[in-house]
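Structural overview for review
This is what each chain is made of:
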Amino acid sequence: MPQEDYSKLLNTILALSFEQRLNLLSVVAESLQDNVPTPPDMSVSSIAELNQKIDEGLSDIKAGRIIPAEVVNQQLHERYGI
């Protein structure tokens, strides 16, 4: 997020009433409790290993092991209203 957008967002949040900020806090805290699977730590020790990881990712895409953008957008909308 660009610094300008962050500053605007922060100012908007600070302009909210106490109750609205408290509600926002609970929504953010709840979102942190989601058990969304995350990929394992991604570290490599060589260019060859990096290229292997890239090839694996491209193979996953070619094999259809992806989440369609529509599904991701729907999940974001359901969870965060965006």
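Residues numbered from 1 in each chain as written. Predicted model: local features only at pLDDT ≥ 70, side-chain atom pairs only at ≥ 80, totals over all residues. Heavy atoms only, no water.

Here we take up the overall build of the protein chain. Along its length, the protein chain carries four helices and zero strands. Along the protein chain, helices (α) and strands (β) appear in the sequence α-α-α-α when read from the amino end. Against the compact-globule benchmark of 12 Å for 82 residues, the protein chain has a radius of gyration of 19 Å, which places it well outside the compact range. Within the protein chain, the proportion of its 82 residues that are buried is 1%. Looking at the protein chain as shown, the accessible area adds up to about 7,500 Å², and 59% of this sits on carbon and sulfur atoms. (Helix = DSSP H or I, 4+ residues; strand = E, 2+ residues; numbered from the N terminus. Rg over C-alpha atoms; globule rule 2.2 N^0.38 Å. Buried < 20%, exposed > 50% of the residue type's maximum accessible area, 1.4 Å probe, protein only. Areas by Shrake-Rupley, 256 points an atom, 1.4 Å probe, with all protein chains shown as cover.)

To continue, consider the confidence of the model for the protein chain. Predicted coordinates in areas of low pLDDT are best not read in detail. Summing up the model confidence of the protein chain, the mean pLDDT is 86 and the portion of residues at 70 or higher is 90%. Considering each helix and strand of the protein chain separately, the mean pLDDT is smallest for helix α4 (residues 69-80), with a value of 87, and largest for helix α3 (residues 47-62), with 91. (pLDDT = per-residue confidence, 0-100.)

Applying the stated criterion across every chain, the model contains two salt bridges. Between Glu4 and Lys8 there is a salt bridge, with its nearest N and O atoms 3.4 Å apart. Here Glu4 pairs with Lys8, and both are found in helix α1 (residues 3-15), just four residues apart, close to one helical turn. You can call Glu4 exposed: its relative accessible area is 53%. Between Arg65 and Asp60 there is a salt bridge, with the nearest N and O atoms lying 2.7 Å from each other. Under the relative-accessibility criterion, Asp60 is labelled partly exposed at 31%. (Salt bridge = Lys/Arg side-chain N within 4 Å of Asp/Glu carboxyl O.)

Structurally, the position occupied by Ile61 is in helix α3. Residue classification places Ile61 among the exposed residues on the basis of a relative accessible area of 53%. Between the C-alpha atoms of Ile61 and Val71, which are 10 residues apart in sequence, the distance is 16 Å.

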